[in-house]
Amino acid sequence: MAGQGSSSLREANTTLVVQQLRVAGPTSRAELARRTGLSKQTVSTIVASLLADGVVRELGRGDPEPGGGRPATRLEYAADRAFVAGVELGVGRTRVVLADALGSTVEPVDLEVRRSGRTPEVVVDRVCTALQELLRRRGGLRRLRAVGISVTGLVQPATGTCVLAPNLGWRDVPVAELVGRRLRSVPVVVRGAAQCSMVAEHREGVAVGEDDVVLLFEDEGVGAAVVERGRLLDGADGTAGELGHCAWPGATERCGCGRRGCVETLASGPAVRRAVERATGHRVRRRTGEPTFVALADVDDPAVAAAAGEAGQVLGTAASWLVALTSPRLLVLSGSLVPGPAALRTSLEEAVRSREIGGHRTRIEAGALGADAAVRGAVLLALDEARAG
Ligand SMILES: [Zn+2]
């Protein structure tokens, strides 16, 4: 805990220094120390890391210091001179967010990509063109330090390859390689949408300060992510968390992954949509790109409540396997589960509760970042990558 305490203190002090620079304009290190009340040594250490990150830059020397000392080098806030990007390749939406060197959003862009034309080549081309356009007015691609990409599918982080994304129709797509090639070899990090959402919720959302967390994610398919002792669980090749493709006993429906009877065939948005359509004989209407659970959230219909309740029961039971295995303090509901039908959430919670054992009680909460969690996580991963580089 001592480590965490000193790192959050360093973060608070860094914020103080950056705020001062943003408000006061070019300032010397000595003046920064006076204005923030921090020691000169502390300010020097913080400034060194801000210089390395591209958040501040050095200007020429200013006026002589009071008392006749030689003029000091002044520092200027420059986070808008170095950028990172977060990209969300979701089932219904494709988004690019440009952020400054501190991670603050500079400009988000939603891209229209027709479902029929969503080949890897087309999507990568649209994303890279959008990024080039965003950077054109801001100094060009050379200012881009790293790109983080969230994909709704199974991703191998070491290679940045999307192994399987049934709902995008992708298999073995070298996402990092394709994007890196287009963007002059800028570092690219790729993770699954559940993992990205977890990163964001854990650092900035509902799971801040929690060391043991499970996150359930839905975007026309089901995924999960686990934080254990404060660290994202990767497994042997970074693909841990594929709860949606665990087998549900007795289920036989074919899944997008090519096998039969996956949890996803019973508990995803499309599964609920099929059940509602079977029960009512009518198609479920959705806006373009709208997740099924969002479309069904406010539909007052017993068929929707029944189908969502059954899906929630399956999803909650599957979640209880993860809860039993990892004993988390917090279970976060993310993606389109958050605004989803009330019956889904109620039966999901009941299923988790009914399987709890030994007095352990897991808090169940909606993610604080809502549908923005995945792309925010991608931005944070890009920041990590930029800093590591
Ligand atoms: Zn499957």
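The shown structure was predicted, so the numbers you read here are calculated from the model rather than taken from an experiment. (Residues numbered from 1 in each chain as written. Predicted model: local features only at pLDDT ≥ 70, side-chain atom pairs only at ≥ 80, totals over all residues.)

## Digging into the overall build of the protein
- Helix and strand counts for the protein stand at 12 helices and 16 strands.
- For 389 residues, the compact-globule estimate of 2.2 N^0.38 gives 21 Å, and the C-alpha radius of gyration of the protein, at 23 Å, lies within 12% of that figure.
- Across its three principal directions, the C-alpha atoms of the protein cover 85 × 50 × 40 Å.
- Across the protein, the fraction of contacts at a sequence separation of at least 24, relative to all contacts at a separation of at least 6, is 65%. (Helix = DSSP H or I, 4+ residues; strand = E, 2+ residues; numbered from the N terminus. Rg over C-alpha atoms; globule rule 2.2 N^0.38 Å. Contact = placed C-beta atoms within 7 Å.)

## Some thoughts on the domain arrangement of the protein
- Split by domain assignment, the protein resolves into domain 1 (2–77), domain 2 (82–196 + 374–388) and domain 3 (210–367).
- A C-alpha centroid distance of 32 Å is found between domain 1 and domain 2.
- Between domain 1 and domain 2, the contact holds four residues from the first and four residues from the second.
- Across the side of domain 1 that touches domain 2, the residue classes break down as two nonpolar, one polar and one charged. (Domains from an automatic or database assignment. Nonpolar A, V, L, I, M, F, W, Y, C, P; charged D, E, K, R; others polar.)

## Thoughts on the nonpolar core
- Counting residues in each nonpolar core, the largest one holds 114 residues, and the members touching the most others are Ala85, Val179 and Ala382.
- Leaving out residues up to four positions away in the same chain, alanine 382 has contacts with Val84, Ala85, Gly86, Ala146, Val147, Gly148 and Val189. (Core = buried A, V, L, I, M, F, W, Y, C linked by C-beta atoms within 7 Å. Buried ≥ 20, exposed ≤ 12 C-beta atoms within 10 Å, placed from the backbone.)

## Let's talk about the sheet that holds strand β12 (residues 213–218)
- Across the sheet, five strands lie side by side as β14-β13-β12-β15-β16; this open sheet has mixed pairing. Sheet topology places β14 (231–232) and β16 (363–366) at the edges, where each strand pairs with a single neighbour.
- Both strand β13 (residues 222–228) and β14 contribute to a ladder of two bridges, which runs antiparallel. Its bridge partner lying in β14, glutamate 228 is registered against arginine 231. (Pairing = 2+ DSSP bridges.)

## Some points on the sheet that holds strand β5 (residues 94–100)
- Across the sheet, five strands lie side by side as β6-β5-β4-β7-β11; this open sheet has mixed pairing. For this open sheet the edge positions go to β6 (105–111) and β11 (188–192), each flanked by a neighbour on one side alone. Going across the sheet, the axis of each strand differs from the next one's by a mean of 15°, ignoring polarity.
- Relative to β5, strand β4 (residues 83–89) runs antiparallel, the two being bridged by seven bridges. (Axes fitted to C-alpha atoms, helices over the stretch in contact; angles between N-to-C directions.)

## Considering the packing of helix α2 (residues 29–36) against helix α3 (residues 40–53)
- Packing of α2 against α3 leaves a shortest axis separation of 9 Å and a crossing angle of 115°. Every pair of crossing elements has a handedness; the one defined by α2 and α3 is right-handed. Mapping the contact onto sequence places Arg29, Ala30, Leu32 and Ala33 in α2 and Lys40, Val43, Ser44 and Val47 in α3.
- Residue classes in the contact of α2 with α3 are distributed as five nonpolar, one polar and two charged. (Left-handed = near helix turned anticlockwise from the far one by under 90°.)

## Topic: unusual backbone geometry
- Although it is not a glycine, aspartate 172 adopts a positive phi angle of roughly 50°.
- As for its placement among the helices and strands, aspartate 172 is situated in strand β10 (residues 170–173).
- Using a count of 10 C-beta atoms within 10 Å as the deciding quantity, one classes aspartate 172 as exposed.
- The residue glutamate 220 is not glycine, and still its phi comes out positive at about 65°.
- Residue placement: glutamate 220 occurs in the loop between β12 and β13.
- Look at glutamate 220 and you get buried, because 23 C-beta atoms sit within 10 Å.

## Looking at helix α12 (residues 373–388)
- Taking 1.5 Å per residue as the helical rise, α12 with its 16 residues ought to reach 22 Å, and the 22 Å between its terminal C-alpha atoms agrees with that figure.
- Burial runs high along α12: 12 of the 16 residues are buried.
- For α12, the set of buried residues is Ala373, Ala374, Val375, Arg376, Gly377, Ala378, Val379, Leu380, Leu381, Ala382, Leu383 and Ala386.
- In the core, the buried residues of α12 are packed alongside β4, β5, β7 (144–151), β11, α6 (193–204) and β15 (330–335). (Expected span 1.5 Å × (residues − 1).)

## Overview of the environment of leucine 380
- In this fold, leucine 380 is placed in helix α12.
- In sequence terms leucine 380 and histidine 282 are 98 residues apart; their C-alpha atoms lie 42 Å from each other.
- With residues near it in sequence (within four places) discarded, leucine 380 still touches Gly103, Val199, Ala200 and Arg203.

## Examining the environment of cysteine 257
- In this fold, cysteine 257 is placed in the loop between β14 and α7 (264–267).
- Note on cysteine 257: 19 C-beta atoms within 10 Å, which makes it partly exposed.
- With 87 residues separating them in the primary sequence, cysteine 257 and leucine 344 have C-alpha atoms 24 Å apart.
- Setting aside its immediate chain neighbours within four residues, cysteine 257 contacts Leu164, Pro166, His245 and Cys262.

## Considering the packing of helix α10 (residues 302–326) against helix α11 (residues 342–354)
- At a minimum axis separation of 7 Å, α10 and α11 run at an interaxial angle of 35°. Two packed elements cross with a definite hand, and for α10 against α11 that hand is right-handed. Here Ala305, Ala308, Gly309, Ala311, Gly312, Gln313, Leu315, Gly316, Thr317, Ala319, Ser320 and Val323 of α10 lie close against α11, whose contacting residues are Ala343, Leu344, Arg345, Thr346, Ser347, Leu348, Glu349, Glu350, Ala351 and Val352.
- Residues of the contact of α10 with α11, tallied by class, amount to 11 nonpolar, eight polar and three charged.

## Remarks on the pairing of β12
- Of all the six residues making up β12, six are buried; the element is thus mostly covered by neighbouring parts of the structure.
- On β12, burial covers both faces: Val213, Leu215 and Phe217 on one face and Val214, Leu216 and Glu218 on the other are all buried.
- Pairing between β12 and β13: six bridges, direction antiparallel. Bridging from a neighbouring strand, leucine 216 pairs with alanine 224 of β13.
- Linking β12 back to β13 in an antiparallel pair, the connection comprises three residues, with glutamate 220 at a positive phi of about 65°.
- Pairing between β12 and β15: six bridges, direction parallel. The residue of β15 that forms the bridge with valine 213 is leucine 330.

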